[in-house]
Protein chains: 2
Amino acid sequence: MTATQDSFLALCRAALGPQHVLTDAADKAPYLTDWRKRYTGEALAVLRPGTTEEVAEAVHACHARQIAVVPQGGNTGLCGGATPVAGQDSVVISLQRLNRIRQVDPLNNTITVEAGVVLQHLQEVAREHGRLFPLSLAAEGSCTIGGNLSTNAGGTAVLRYGNSRELCLGLEVVTPSGETWHGLRGLRKDNTGYDLRDLFIGAEGTLGIITAAVMKLFPLPRASVTALAAVQSPRAALALLAIAQSHAGAMLTGFELMSALSMTLVTRHYPQLRYPFADIHPQLVLMELSDSESEDHARGIFETLMTNAFEAGVVADAVVAESVQQSRDFWNLREHIPLAQVEDGKNIKHDIAVPVSRVADFIETTDALLQNAFPGARMVTFGHLGDGNLHYNVSPPEGVDHDAFLANQEQVNRIVHDSVRSHNGSISAEHGLGQLKREEIRHYKSEVELRMMRAIKGALDPLGLMNPGKVV
Amino acid sequence: MTATQDSFLALCRAALGPQHVLTDAADKAPYLTDWRKRYTGEALAVLRPGTTEEVAEAVHACHARQIAVVPQGGNTGLCGGATPVAGQDSVVISLQRLNRIRQVDPLNNTITVEAGVVLQHLQEVAREHGRLFPLSLAAEGSCTIGGNLSTNAGGTAVLRYGNSRELCLGLEVVTPSGETWHGLRGLRKDNTGYDLRDLFIGAEGTLGIITAAVMKLFPLPRASVTALAAVQSPRAALALLAIAQSHAGAMLTGFELMSALSMTLVTRHYPQLRYPFADIHPQLVLMELSDSESEDHARGIFETLMTNAFEAGVVADAVVAESVQQSRDFWNLREHIPLAQVEDGKNIKHDIAVPVSRVADFIETTDALLQNAFPGARMVTFGHLGDGNLHYNVSPPEGVDHDAFLANQEQVNRIVHDSVRSHNGSISAEHGLGQLKREEIRHYKSEVELRMMRAIKGALDPLGLMNPGKVV
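Every value quoted in this text rests on a predicted model; they were computed, and no experiment measured them. (Residues numbered from 1 in each chain as written. Chains lettered and ligands numbered in written order. Predicted model: local features only at pLDDT ≥ 70, side-chain atom pairs only at ≥ 80, totals over all residues. Heavy atoms only, no water.)

### Here we look at the interface of chain A and chain B
Link 1 in the chain: Facing 86 residues of chain A, the contacting portion of chain B comprises 86 residues.
Link 2 in the chain: Of the roughly 6800 Å² buried at the junction of chain A and chain B (both faces included), carbon and sulfur atoms supply 55%.
Link 3 in the chain: Interface area lost by chain A to chain B is led by Lys189(A), Asn191(A) and Tyr194(A), which between them contribute 16%.
Link 4 in the chain: When the shortest N-O distance is used, the salt bridge between Asp387(B) and Lys189(A) registers 3.3 Å.
Link 5 in the chain: Linking chain A with chain B are 45 residue pairs in polar contact (both at pLDDT 80 or more).
Link 6 in the chain: Of all elements in the fold, only α6 (158-161), β9 (180-183), α7 (196-200), α8 (234-248), α10 (295-311) and α16 (447-460) of chain A reach the threshold of two or more residues within the side of chain A that touches chain B.
Link 7 in the chain: Within the side of chain A that touches chain B, the residues separate by chemical class into 34 nonpolar, 31 polar and 21 charged. (Contact = heavy atoms within 4.5 Å. Buried area = accessible area lost by both parts, 1.4 Å probe. Salt bridge = Lys/Arg side-chain N within 4 Å of Asp/Glu carboxyl O. Polar contact = N/O pair within 3.5 Å; in protein donor to acceptor, adjacent residues only side chain to side chain. Helix = DSSP H or I, 4+ residues; strand = E, 2+ residues; numbered from the N terminus. Nonpolar A, V, L, I, M, F, W, Y, C, P; charged D, E, K, R; others polar.)

Below, the structure is given as structure tokens:
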């Protein structure tokens, strides 16, 4: 350890308290590997500040000594964005101790929270105040709102409420030099200069550290009702979406696609789940309506739209949930797809988005390209159809060794991502770039766009200390 | 004229056609003064490119010669953001000829339009495709979508659909050096790096020129119904808002406040308008519900929520419109407030926002401060209460000369804007900064924020050629 490092750690211990400066290998370990264990990095120390002032002090100390900073929330990211890069001289700053709810303002429909607040806790506090915080995703029990904002997390309610960016009104940020920007505005309208807020959102900690945020709340719906519809194809699912939007408007809060293979895997590996149809259909659509009137009213809307869909020949079969329990059963089928995939063995995952109108084209084209290159490849396709966001996962042909098939990852990625590009889509819809897609994105963004991104990085973080090796 | 200027104009004439390079004083005049005639500037020429390629060529030529560029849409801005600064050696680039609808994608609920498309035309094209484009504001007959995006325009439907920023999915931009960024993505989810889109939105042409955009569309509601409610105070109006949001959820698309003085002026100067109550009430609220079912259903919702509001003692009197005509009559009262103010004489205008929960506090506090400084001052307060956005206009006491009163503008602004700050608000909610508030904002933004804004400006426009003298 150099003298500079020594004096740096002494300063951190004085500022944060010695118990919040982890230097022991065993103490640091959980922060140095992502939860899927794909990335492991090194760090001089893990710092656990408890207040924004302490974050600023720590970052200021790093800046003065040119020590790189890796911000980390719940460490549930899927692209290695919160894991230090191997061999870098850096510190991890964990935001988990910044976990206070600073203010709930039901009349303004806002909540002010610190970055380390766990998403599920935020949802619960909102509910206690008779409000909905709609962001919802698989990791909600451990992910933090700071991480959600830094990756602009999506989830299951984007169709109606937008992604993390659209749910945020204001931010508090510690800049790369250790200053604090107090931008915690709870305003619906504010046109006074450049949109710094949205620049920090989705920047994955490469421009500064989000320490707190003002998030939007919504009136709690009086009822949520779910239905499952069996359709012949992704194209029919799109026709159903148009019918549903026309009849339900903003009440339509969920519209998920699940392919036959997804349901085959789920019913095979989780036979205890209640699958409501006699057969596996080519595609299932899971729909959710949220209603400010009543359950009966929501069922009435479902009835109208399903009648229309049957008459148009769009839907082959459908079940509207009769109870809260049955609604949960339907969501369970959806949520067990990734787990059933784990049971089935390894596969090559993609988190892609295309314009909603091109989802069916994308699936048909890409399936054909992959079948051509890898005859028998099994595509497990599911996701947020209402947002054009698919989890398009490629499993090996039946009987082929999964590990051997994974050797084709680069070729499979190229086929899928090239197809995404030709459908005007995105190769990372809701997970970000992190380390995983930092190189990959250079294939797909223009030099003009990459240059602007680098110019912004250079302007706000001229020493390049914030989360190096990620995004740009 | 210098030789450089000569060769520049020759190049522009070759690129755009001579008829689209205006150098004659009379031809240039309409582009050099804002429509409220508060600002007049100078320009070497007004360029009227017809395509994105021509815009890029013109900007490239300016960049090579360090000629400043002032982008202009419909020239309806309220802060002088599209008028060149006096004495600058610049050109105006008018986007009005970029007025093509490039694509309508009803299934993706998007429309791709060029910057010069007039807002009302965009609304009409959307409607022809059975879709709603919800952005709506007073200047919609002549403002352009490029200008709306550059100022992040708000209007009357922000409560439900968001402002221009939230309605935009992708942009095409000509950068200050004359390159083109092709960011016309029609995606609901795309987490692949820094949010350049939202940086250009609201930048008022100081970072580049928006040449086209992908905008969101929505299912056309089956019915829109309007109601007027009389309440005792802004505080009661807020209580009504909470009740309305609880019962109507996302159906509530408009919630406007109109003070007694606003209605006194409207009924005095426009006696032909149908005012539905016998008396002038302390405050009126105009509410609009948009319904994907039917008019009857919307009326039922109004009935429920008004019953609740009466029982809670929140509403003194209320009328639900019986016809489309009556809905229009109610909106007419709201829209005639600014016109009635013109009839009444000059006043000092403010476009402010505070958290919704603090609107009543803001009005009470600021009214008292102004009464103290200017006894008898008459505040004409109205606006988008659902967004916390008020047009808070200060008229002289009865009998006081309007021009003489306007001499107090700076002192009045300081009182109002200081009060906005102490209520955590914004001094420009929906009109932007332009020239008008460029100095004023320096009182109210921190040095940290101003420095980040300047760093971004320097990074993307290092020669400082884009719309100088505006925003930063």
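### Notes on the relation of the copies chain A and chain B
Link 1 in the chain: It takes a turn of 180° to lay chain A on chain B, together with a shift of 0.0 Å along the axis; the resulting RMSD is 0.0 Å. Classification of the inter-copy transformation places it as that of a two-fold axis.
Link 2 in the chain: Both copies present the same face, since 100% of the interface residues in chain A are matched by interface residues at the equivalent positions in chain B. (Least-squares fit on C-alpha atoms with pLDDT ≥ 70 in both.)

### Digging into the packing of α8(A) against helix α12 (residues 359-373) of chain A
All names here are of chain A.
Link 1 in the chain: Packing of α8 against α12 leaves a shortest axis separation of 8 Å and a crossing angle of 170°. Considered as vectors, α8 and α12 are oriented roughly antiparallel to each other. Residues Pro234, Arg235 and Leu238 of α8 touch α12, and the partners they reach there are Val359, Ala360, Asp361, Ile363 and Glu364.
Link 2 in the chain: For the contact of α8 with α12, a count of residues per class yields 5 nonpolar, no polar and 3 charged. (Axes fitted to C-alpha atoms, helices over the stretch in contact; angles between N-to-C directions. Parallel < 35°, antiparallel > 145°, perpendicular 65-115°, else oblique.)

### Some details on the sheet that holds strand β4 (residues 90-94) of chain A
Residues and elements named next belong to chain A.
Link 1 in the chain: One open sheet holds the 4 strands; their spatial order is β1-β2-β4-β3, and the pairing between them is mixed. The sheet is open, and its two edges are formed by β1 (21-22) and β3 (68-72), each paired on a single side.
Link 2 in the chain: One ladder, built from 5 bridges, connects β3 with β4; its direction is parallel. By the bridge assignment for β4, Val69 is matched with Val91. (Pairing = 2+ DSSP bridges.)

### Topic: the packing of aromatic side chains
Aromatic rings in a pair are described by how distant their centres are and how their planes are angled relative to each other.
All names here are of chain B.
Link 1 in the chain: Going through the model one piece at a time under the given rule, you end up with 10 aromatic pairs over all chains.
Link 2 in the chain: Residues Phe362 and Tyr392 carry aromatic rings whose centres are separated by 5.4 Å and whose planes lie at 70° to one another, so their mutual orientation is edge-to-face. Placement of the pair is Phe362 in helix α13 (residues 359-373) and Tyr392 in strand β18 (residues 389-395), with a sequence separation of 30 residues.
Link 3 in the chain: Phe362 sits in the buried class, given a relative accessible area of 0%.
Link 4 in the chain: What makes Tyr392 buried here is its relative accessible area of 0%. (Phe/Tyr/Trp six-rings, centres within 6.5 Å; stacked < 30°, edge-to-face > 60°. Buried < 20%, exposed > 50% of the residue type's maximum accessible area, 1.4 Å probe, protein only.)

### What about the packing of helix α1 (residues 3-16) of chain A against helix α3 (residues 52-65) of chain A?
Residues and elements named next belong to chain A.
Link 1 in the chain: For the pair α1 and α3, interaxial distance at closest approach is 10 Å and the crossing angle is 170°. The orientation of α1 relative to α3 falls into the category roughly antiparallel. Here Thr4, Ser7, Phe8, Leu11, Ala15 and Leu16 of α1 lie close against α3, whose contacting residues are Glu54, Glu57, Ala58, Ala61, Cys62 and Arg65.
Link 2 in the chain: Here the contact of α1 with α3 is built from residues that sort into 7 nonpolar, 2 polar and 3 charged.

### Considering the sheet that holds strand β4 (residues 90-94) of chain B
All names here are of chain B.
Link 1 in the chain: Read across the sheet, 4 strands follow the order β1-β2-β4-β3 without closing on themselves; strand pairing throughout is mixed. Strands at the two margins of the open sheet, each flanked by one partner only, are β1 (21-22) and β3 (68-72).
Link 2 in the chain: Summarising the sheet, strand β2 (residues 45-47) and β4 pair through 3 bridges and their orientation is parallel. The partner of Leu47 across the bridge, within β4, is Ile93.

### A short note on the pairing of strand β9 (residues 180-183) of chain B
Residues and elements named next belong to chain B.
Link 1 in the chain: By the bridge criterion, 4 bridges tie strand β8 (residues 168-174) to β9 in an arrangement that is antiparallel. Across the sheet, Val173 pairs through a bridge with Trp181, a residue of β9.
Link 2 in the chain: Where β8 folds back onto β9 in an antiparallel hairpin, the turn is made up of 5 residues, including Gly178, whose phi is positive at roughly 90°.

### Here we look at the nonpolar core
Link 1 in the chain: In this structure, Leu240(A), Met287(A), Leu240(B) and Met287(B) are the most contacted members of the largest nonpolar core, which totals 185 residues.
Link 2 in the chain: Excluding residues that lie within four positions of it along the chain, Leu240(B) makes contacts with Ala229(B), Val231(B), Phe255(B), Val285(B), Met287(B), Leu305(B), Ala309(B), Val314(B) and Val315(B).
Link 3 in the chain: With 25 residues, the next largest nonpolar core counts Cys12(A), Leu44(A), Cys62(A) and Ile67(A) among its residues. (Core = buried A, V, L, I, M, F, W, Y, C linked by side-chain atoms within 4.5 Å.)

### Things to note about α12(A)
Link 1 in the chain: Look at α12(A): 21 Å from first C-alpha to last across 15 residues, which is about the 21 Å you get at 1.5 Å a residue.
Link 2 in the chain: Along its buried surface, α12(A) packs onto α8, β13 (252-259), β16 (351-353), β17 (378-384), β18 (389-395) and α14 (409-422) of chain A. (Expected span 1.5 Å × (residues − 1).)

### Comments concerning the pattern of salt bridges
Residues and elements named next belong to chain A.
Link 1 in the chain: On inspection of all chains with the given rule, the structure shows 52 salt bridges over all chains.
Link 2 in the chain: Among the ionic pairs, Arg414 bridges to Glu440, the shortest N-O distance being 2.7 Å. One end of the pair, Arg414, is in helix α14; the other, Glu440, is in the loop between α14 and α15 (441-444), with 26 residues separating them in the sequence.
Link 3 in the chain: For Glu440, a relative accessible area of 13% corresponds to the buried category.

### Details of unusual backbone geometry
Residues and elements named next belong to chain A.
Link 1 in the chain: The phi dihedral of Gln66 is positive, around 55°, even though this residue is not glycine.
Link 2 in the chain: Locating Gln66 in the fold gives a position in the loop between α3 and β3.
Link 3 in the chain: Although it is not a glycine, Glu204 adopts a positive phi angle of roughly 55°.
Link 4 in the chain: Its place among the elements puts Glu204 in the loop between α7 and β10 (209-216).

### With respect to the pairing of strand β5 (residues 101-105) of chain A
All names here are of chain A.
Link 1 in the chain: Sheet topology note: the β5/strand β6 (residues 110-114) ladder contains 4 bridges and is antiparallel. Of the residues in β6, the one forming a bridge with Asp105 is Thr110.
Link 2 in the chain: Between the antiparallel neighbours β5 and β6 lie 4 residues, among them Asn109 with a positive phi of about 50°.

### Quick look at the environment of Lys349(B)
Residue and element names in this part refer to chain B.
Link 1 in the chain: Assignment of secondary structure puts Lys349 in the loop between α12 (337-344) and β16 (351-353).
Link 2 in the chain: Note: C-alpha distance between Lys349 and Tyr194 (155 residues apart in sequence) is 36 Å.
Link 3 in the chain: Not counting residues within four places of it along the chain, the set of residues in contact with Lys349 comprises Arg36, Gln341, Tyr392 and Asn393.
Link 4 in the chain: Here Asn347 takes part through its side chain, which lies 3.3 Å from a polar atom of the side chain of Lys349.

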